[in-house]
Amino acid sequence: MTAILESISREIQGKGGPARRGLAAERLAGMLVVAALAILVAGTQGLMSPYVVNLIGQVATFGMLAIALDLIWGYAGILSLGHGLYFAIGGYLIAMHLVKVAYLQTGTPPDFMLFMGWDSLPFYYAGLENFPYALALIVLISGGVAFLFGLISFRSRVSGVYFSIITQALVFVAMLLFFRNDTGFGGNNGMTGFTTLLGWPIAAPETIAALSAASVLAAAASLYVCARIVRSRLGHMLVAIREDESRLRFLGFETLWIKIAAWVISAVIAAIAGMLYVPQVGIINPRVLSPELSIEIAVWVAIGGRGTLVGAFAGAILISTLKVVLTASAPELWPFILSLLVIFVVVLLPNGLLDAPAALRGWLEWRRQRAAS
Amino acid sequence: MSKEALYIDGLTVSFGAFRAINNLSMIVKFGEIRGIIGPNGAGKTTLLDVLTGKTRPRSGRVLLDGALDLLALSEAEITLSGVGRKFQKPSIFEALTVAENLGLALRSRQRSIWGEMVYTPDEGDRAHIQDVLGMIGMKGRGDLSAGKLSHGQKQWLEIGMLLIQRPKVLLLDEPVAGMTDEETERTVTLIRALRSPERAILVIEHDMAFVQEVADLVSVLHEGRMLLEGPMERVRADPAVIEVYLGR
Ligand SMILES: Nc1ncnc2c1ncn2[C@@H]1O[C@H](COP(=O)(O)OP(=O)(O)O)[C@@H](O)[C@H]1O
Ligand SMILES: [Mg+2]
C-alpha cells in the first residue's frame, strides 16, 4: 500500500518534467492585456453580448486558478487537491461585502438572516461594506491560512500524495462547515441578492464588461508574476524541490520557506480569482468547496500540461469552455467526455496538450519513415 | 583557522540495536586528501550522513575547523558553514541546465525570498561559474540540459556544485562508481586539482587503485570501527585489511 502511494507520489510530483516556457507565459500575459482592453470596449459599446462577455470573465478566473496550481504543482511538485479552499475564501469575502452593501442600500436583510431569525448581521461583517477593507481581508486571510497550513504540513515534511490527501480533506471539512446554516455565510443556499459593486449596478452591461476585463487583466498579472518567479532563481529552486528536495537542503537552502512562499502566492492568486468569479455569477454556495471543483483544477492543469504556465492556462480555458458548451447541449455526456480526455492525455501526452504538436510531428515522421522503407 | 578540518571523537550511530558506527575517532587536517575504504556496510555512507546532519548519532563529538560543533546544526546550516557533500548516486537537478545547477549552488548575498526572486548574477558570480565550468571540463556547455549529460559529466557537475560553495570540507561518496576508465582518470586529475591548504577532502571509494592515486592517507572502516589508518602501501599490505576484503 505504502509502495503504491509512494509511486503515485513520484508520478504526481512530475519529476523530470518540463520547467521552461516562462518567456511564452510573459508573452501570453501581454496578449491578455490587449484582450482585456478589447473586451472592455466591446462590452461597453454593445459589440459583444453580455452573456459572452460574462462567460469570458468567468473562464479567465478559472485560468487564474490553473496558473496558481501550476506554480506549486508543475514547478514545485506539490499537488494541491484543495485549492477550492482559497478560491472560496476570496469568493465568500467578496460575497459578504456585496451582501452587506445590498443590506445597507435596500434595508432588506439577506435570506439567511431571516431564516435564522437574526436582527443584525454577525459581528464579523463589521466594516465589510468598505471595499478596500474586504480586499485586504481577502489577501490577508487567504495568505494567512495558506501560511499556517504550509508551515504545519511542510514542517512535518508531509509530501507527495499524503499532502494532496490532506489538502483534499481540508477543503471537504470546510465544505461541511459552510453547509451549516448558523455560521452566517448563508449555509446550504449560499449568498446572493447582490445589488451594486463599487457603486455600479451589478447586472449592468458596463459592470459586466468591467468585471470581465478585470478578470482577464488579473489572469495576465498572475501569468506575469508566476512567469517572473519561475524564471528567477526562486523558480529554479522550486524545480529543484520537485526533482530532489533533500539535495537542495544539502546545498544550504531551507526549503521550508521556499515552499511556503510559493504556496502562499498560489493561494492568494486563487483567492483573487474567487473574488472576481463570485460577482460575475451572482452567487456563492458551499459547492465551490466541493472536492470535485478542486480536482477539476488539477485536471485542467494535467490536460493543458504541467510546468509551463501557458499549458495550465490553456487547459483551464479549453476544458471549462467545453464544459459550458456541452453541459448546455448534452449535460449527461460531459463526465464521459472529460474522462476520455483525461485518459487520452495521460496515455498519449504525459505532459499535456502542449506536447501535442511535438507528438504529432513525431507520429508524422514515423509514418514517413515507414512509408519510405 | 586551526589545523584540524574535522575532529571526530567517540562517534556511535545506532539503528535500533545495530551499531552502524561504533566509537569512531579520527582527525582530518586541512590540505589533506583522505581516503576512506571498507567493505559494503562498513558505515562509510553513514559517517557522511552524520557529518552532514542527515543522521543523528547516539554519542560522540564532531568539530569543524577545531571549533564549530556540527552535531548541533541543521543540514542547511552545516552546508553554509562549509561542508559540501557529493552523494553516491549523481544528484543534480536534471530539469535545469548545467549553469542553473551551478547557479543554485552559488551562495548569493541576499537570501530572502524576495531577494532570490529579483537576483541576477553579478560579474563576480558569473566569473566564478565560468571558472568552475572550466575546472569540471565543461567550458561553454552551461546551457546544456543537465539531464542530457553522460554519467561521468553528471558526477563532475555535482562536484562543481560543491566547488561553487568553496567548501572547507569536501565529502565525496564513491565519485568514480560506474565511470569508464577514462572518466576515472579525469576524475583523479580533478580531485588532485582541488587540493588546497584551506580544504580537506574525504573520498569514500571501493576502487583501491583510485584511492591510491588520490589519497594521502587511508582510513579503513570495518563494521563501524576504525580498523587501520595510514598510507595506502601500508594499508594494502596489512593482514587484517586483506582478511576483511578477501573475507567478503
Ligand atoms: N537508515 C538506516 N536504518 C537502518 N540501517 C541502516 C540505515 N542506514 C544504514 N544502515 C545500515 O548501516 C550499515 C552501514 O551502512 P552504510 O553506511 O551505507 O555502509 P557503506 O560503508 O557501504 O556506505 C549497513 O548495514 C546498513 O544496512
Ligand atoms: Mg555507501
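## Observations concerning helix H11 (residues 291–304) of chain A
Residue and element names in this part refer to chain A.
- Its 14 residues give H11 an end-to-end C-alpha distance of 20 Å, which sits within 8% of 20 Å, the value for a rise of 1.5 Å per residue.
- Of all 14 residues that make up H11, eleven are buried, and the element is covered over most of its length.
- For H11, the full list of buried residues reads Pro291, Leu293, Ser294, Glu296, Ile297, Ala298, Val299, Trp300, Val301, Ile303 and Gly304.
- One or two positions beyond H11, positive phi appears at Gly305, with a value near 120 degrees.

## Thoughts on the site of ligand 1
All names here are of chain B.
- Neighbouring ligand 1 are the residues Phe15, Phe18, Ala20, Asn40, Gly41, Ala42, Gly43, Lys44, Thr45 and Thr46.
- Within the side chain of Thr46, a nitrogen or oxygen atom sits 2.5 Å from an oxygen atom of ligand 1.
- For ligand 1, whose free accessible area comes to 560 Å², the fraction covered by protein is 59%.
- Contributions of two or more residues to the shell around ligand 1 are made by strand S2 (18–29) and helix H1 (44–51).
- The element contributing the most residues to the shell around ligand 1 is H1, with three residues.
- A breakdown of the residues in the shell around ligand 1 according to their chemical character gives four nonpolar, five polar and one charged.

## Brief notes about the pairing of strand S10 (residues 225–230) of chain B
Residues and elements named next belong to chain B.
- Pairing analysis gives five bridges linking strand S9 (residues 217–222) to S10, with the strands arranged antiparallel. Counterpart to Ser219 in the pairing with S10 is Glu229.
- Linking two consecutive strands that pair antiparallel, namely S9 and S10, is a turn of two residues; a positive phi of about 45 degrees is found at Glu223 within it.

## Focus on the sheet that holds S2 of chain B
All names here are of chain B.
- As summarised here, the arrangement of the four strands in space is S2-S1-S4-S5, forming an open sheet in which the pairing is antiparallel. What marks the edges here is a single partner per strand, and that holds for S2 and strand S5 (68–69).
- As paired strands, strand S1 (residues 4–15) and strand S4 (residues 59–64) are joined by five bridges and run antiparallel to one another. Within S4, the position partnered with Tyr7 by the bridge is Leu63.
- Each of S1, S2 and S4 is contacted by H1, which is oriented at about 115 degrees to S1, the strand it contacts most.

## Comments concerning helix H10 (residues 255–281) of chain A
Residue and element names in this part refer to chain A.
- Given a rise of 1.5 Å per residue, 27 residues ought to cover 39 Å, and the 39 Å separating the end C-alpha atoms of H10 matches this to within 8%.
- Along H10, 23 of the 27 residues are buried, which leaves the element largely enclosed by surrounding structure.
- Of the residues trailing H10, Gly282 is marked for its positive phi of about 80 degrees.

## Section: the packing of helix H3 (residues 50–75) of chain A against H10 of chain A
Residues and elements named next belong to chain A.
- Relative orientation of the contacting elements H3 and H10 amounts to 170 degrees, with a least axis distance of 9 Å. Considering their axes alone, H3 and H10 lie roughly antiparallel with respect to each other. Crossing handedness for the pair H3 and H10: left-handed. Together, Asn54, Gly57, Gln58, Thr61, Phe62, Met64, Leu65, Ala68, Leu69, Leu71 and Ile72 of H3 and Ala262, Trp263, Ile265, Ser266, Ile269, Ala270, Ile272, Ala273, Leu276, Tyr277, Gln280 and Val281 of H10 make up the contact between the two elements.

Calculation rules
Per-chain numbering applies: the sequence of each chain, read as written, is numbered from 1 onward. To label them, take the chains in the order written and letter them from A, then take the ligands in the order written and number them from 1. In keeping with the model being predicted, local features are shown solely for residues with a pLDDT of at least 70 and side-chain atom pairs are shown and tallied solely at 80 or more, while totals for entire chains, interfaces and linings include all residues. Side-chain calculation: all heavy atoms of the structure are included, whereas hydrogens and water are not. In this text, helices come from DSSP runs of H or I with a minimum length of four residues, and strands from runs of E with a minimum of two, each type numbered from the N-terminal end. For a helix, the expected span equals 1.5 Å multiplied by the residue count minus one. Throughout this description, buried means an accessible area under 20% of the type-specific maximum (1.4 Å probe, protein chains only), exposed means over 50%, and partly exposed covers the range between. Proximity is defined per residue: if any heavy atom of the residue lies within 4 Å of a molecule or strand, that residue is considered near it. For the purposes of these results, a polar contact is taken to be a pair of N or O atoms within 3.5 Å, where, inside protein, one atom must be able to donate a hydrogen and its partner to accept one; residues adjacent in sequence count only when each atom of the pair is a side-chain atom. Only the protein chains shown count as cover for residues, and all accessible areas are computed by the Shrake-Rupley method using a 1.4 Å probe. Residue polarity is assigned by list, with Asp, Glu, Lys and Arg as charged and Ala, Val, Leu, Ile, Met, Phe, Trp, Tyr, Cys and Pro as nonpolar; anything else, Gly included, falls into the polar class. Here, strands pair whenever DSSP counts at least two bridges between them. Any two residues having at least one pair of non-hydrogen atoms within 4.5 Å are treated as being in contact. Angles shown run from 0 to 180 degrees and are taken between the N-to-C directions of axes, each axis being a line fitted to C-alpha atoms and, for helices, limited to the stretch in contact. Note that the term roughly parallel is reserved for angles under 35 degrees, roughly antiparallel for angles over 145, roughly perpendicular for angles of 65 to 115, and oblique for everything else. The sense of a crossing depends on the near helix, which, turned anticlockwise from the far helix by less than a right angle, makes the crossing left-handed and, turned clockwise, makes it right-handed.

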